[in-house]
Amino acid sequence: MSESIASAIVVRDLVKTYEVPERNAGLWAAVRSLFQRRVRAVCAVAGVSFTIQPGEVVGFLGPNGAGKTTTLKMLTGLLHPTSGEVRVFGSIPARREPAFLRRITLVMGNRNQLQWDLPALDSFELIRAIYRLPPAEFRATRDELIELLEVGDLVRKPVRNLSLGERMKVEIIGALLHRPQALFLDEPTLGLDVTMQRRIRAFIAEYNRRTGATVLLTSHYMADVEALCRRVIVIHHGQVLFNGPLSALVDQFAAYRQLVVTLAEHGVDLTVFGEIIERDGLRYTLRVPKAMVPALTARLLAEAPVTDLTLEEPPIDDVIEQVFAVGSAKTVHEAAQ
Ligand SMILES: Nc1ncnc2c1ncn2[C@@H]1O[C@H](COP(=O)(O)OP(=O)(O)OP(=O)(O)O)[C@@H](O)[C@H]1O
């Protein structure tokens, strides 16, 4: 079986260059630009390759401007690639074939797709008509999603009267009514409070479990990524820096480990063993370089009155920051898939 048939998503050497009009400030420059158009090329995606298997939930990470949204737009057919190849379930997204559109959905945390002035229920009917969903099947899916997301009667209120979190939930229902098999989620928890983030996260996991849908998710909240994604793809300046399990990202890029030490008595100077990043009574958290962990642990046990000692990985946010820091060196790691 060829890779593009077996994989849900195949991206190869994908490039997107935007042409941005350029002119100097001022009236004269504005007039001149009418006759002499100057454009500058902005390379948003600079040769990205990856594959995603059916049913996988993959985190797509990168700092602002890394090229994540541009890639998602090419994967959903909203943008034509400048060069390279994209296949989603064997289809070429830019062709926007109905059979392809029925199998995918795109949710953007910062965009509304439902009608602002209408209750979500009315927009759902519109979606039913667009996708020609059989009424019984549509109602069953709609009611299941309403229940799963605990939306209740909110679907009867005009969307503009909903809170950000409530709006996101009805947006997600609207995006899933046609039971897509690939979900492209661009910052689905953007701006939501912690409880709502957790609820949306739990829903995505449950939806993936129930339907076996493939999910590609961008989020700046590492809690989303840790909870949902076993694999992450990290991009920076339009290029893949890392593609592999989240645990391998920590192994490869975390330069530090955290030693959590509990002492039997006060008055011991631990600064000689490492940087103290937290203290809670007799419990200290030290940041120590990865390579020095064995030696420092041995010294601590020999020289300090230690009652408990555990080794922890640094927070994933710190690791990601480290990945971006070395980003320019372009370390590409393709884990065996
Ligand atoms: N329509 C456009 N015209 C010109 N340049 C664009 C356009 N859209 C995006 N860009 C540029 O392409 C680059 C990648 O942008 P993109 O939105 O894909 O990044 P991103 O990783 O999604 O960032 P963020 O996390 O901030 O959403 C940026 O430098 C951006 O300024």
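Right above here is the structure, for reference.
I will try to describe carefully the structure that is included in this document. (Residues numbered from 1 in each chain as written. Predicted model: local features only at pLDDT ≥ 70, side-chain atom pairs only at ≥ 80, totals over all residues. Heavy atoms only, no water.)

We now examine the site of the ligand. Taken together, Tyr18, Val20, Ala44, Pro63, Asn64, Gly65, Ala66, Gly67, Lys68, Thr69, Thr70 and His220 are the residues near the ligand. A distance of 3.5 Å separates a nitrogen atom of the ligand from a polar atom in the side chain of tyrosine 18. Between the ligand and glycine 65 there is a distance of 2.8 Å, counted from an oxygen atom to a backbone nitrogen or oxygen. A total of 640 Å² of accessible area belongs to the ligand in isolation, and the protein chains cover 60% of it. (Near = heavy atom within 4 Å. Polar contact = N/O pair within 3.5 Å; in protein donor to acceptor, adjacent residues only side chain to side chain. Areas by Shrake-Rupley, 256 points an atom, 1.4 Å probe, with all protein chains shown as cover.)

Reading across the sheet, the 4 strands line up as β11-β12-β10-β13 and stay open at both edges, with antiparallel pairing between neighbours. Two strands close off the open sheet at either side, each with one partner strand: β11 (275-280) and β13 (306-312). Along the sheet, successive strands turn relative to each other by an average axial angle of 20 degrees, direction set aside. Taken together, the 5 bridges between β11 and strand β12 (residues 283-289) define a ladder with antiparallel strand orientation. Paired with isoleucine 276 across the strands is leucine 286, a residue of β12. Strand contacts of helix α11 (residues 293-303): β10 (256-263), β12 and β13, with the helix running at about 170 degrees to β13, the strand carrying the most contacts. (Pairing = 2+ DSSP bridges. Helix = DSSP H or I, 4+ residues; strand = E, 2+ residues; numbered from the N terminus. Axes fitted to C-alpha atoms, helices over the stretch in contact; angles between N-to-C directions. Contact = heavy atoms within 4.5 Å.)

A cluster of acidic side chains, namely Glu226, Asp317, Asp318 and Glu321, defines a negative patch on the protein surface. The greatest single-element share of the negative patch, amounting to 3 residues, is contributed by helix α12 (residues 316-325). Within the element layout of this structure, aspartate 317 appears in helix α12. Of the residues examined, aspartate 317 reaches a relative accessible area of 41% and is grouped as partly exposed. (Patch = residues over 30% accessible without salt bridge, like charges linked within 9 Å, V, L, I, M, F, W, Y side chains within 5 Å. Salt bridge = Lys/Arg side-chain N within 4 Å of Asp/Glu carboxyl O. Lys, Arg positive; Asp, Glu negative; His and termini not counted. Charge placed at Lys NZ, Arg CZ, Asp CG, Glu CD. Buried < 20%, exposed > 50% of the residue type's maximum accessible area, 1.4 Å probe, protein only.)

This next bit is on the packing of helix α7 (residues 164-176) against helix α8 (residues 194-211). Geometry of a packed helix pair, given as the angle between the helix axes and the separation of the axes. One can describe the packing of α7 onto α8 by two numbers: an axis separation of 10 Å at closest approach and a directional angle of 15 degrees. When the axis of α7 is compared with that of α8, the two are roughly parallel. Two packed elements cross with a definite hand, and for α7 against α8 that hand is right-handed. Residues Gly165, Glu166, Met168, Lys169, Ile172 and Leu176 of α7 lie in contact with α8, whose contacting residues are Met196, Arg199, Ile200, Phe203 and Tyr207. (Parallel < 35°, antiparallel > 145°, perpendicular 65-115°, else oblique. Left-handed = near helix turned anticlockwise from the far one by under 90°.)

In this structure, the largest pocket occupies an estimated 550 Å³ of space. In terms of lining, the largest pocket is formed by 24 residues, of which the most central are Thr105, Leu106, Gln113, Tyr131 and Ala175. Considering only residue class, the lining of the largest pocket consists of 13 nonpolar, 8 polar and 3 charged. (1 Å grid on protein atoms, 1.4 Å probe; cavity = no way out; pocket = protein on both sides within 12 Å on 5 of 7 lines; lining within 4 Å. Points joined across faces, edges and corners; volume = space filled by probe spheres on them. Nonpolar A, V, L, I, M, F, W, Y, C, P; charged D, E, K, R; others polar.)

What follows covers the nonpolar core. Within the largest apolar cluster, 55 residues are counted, with the highest numbers of intra-cluster contacts made by Phe124, Val234 and Leu249. Ranked by residues supplied to this core, first place goes to α7 with 6 residues. Residues contacting leucine 249, with those up to four places away along its chain left out, are Val232, Val234, Phe242, Ala254, Ile316, Val319, Ile320 and Val323. Grouped together as the second largest cluster of nonpolar side chains are 29 residues, Phe60, Val86, Leu216 and Val240 included. (Core = buried A, V, L, I, M, F, W, Y, C linked by side-chain atoms within 4.5 Å.)

These results come straight from atomic positions and should not be treated as a statement about function.
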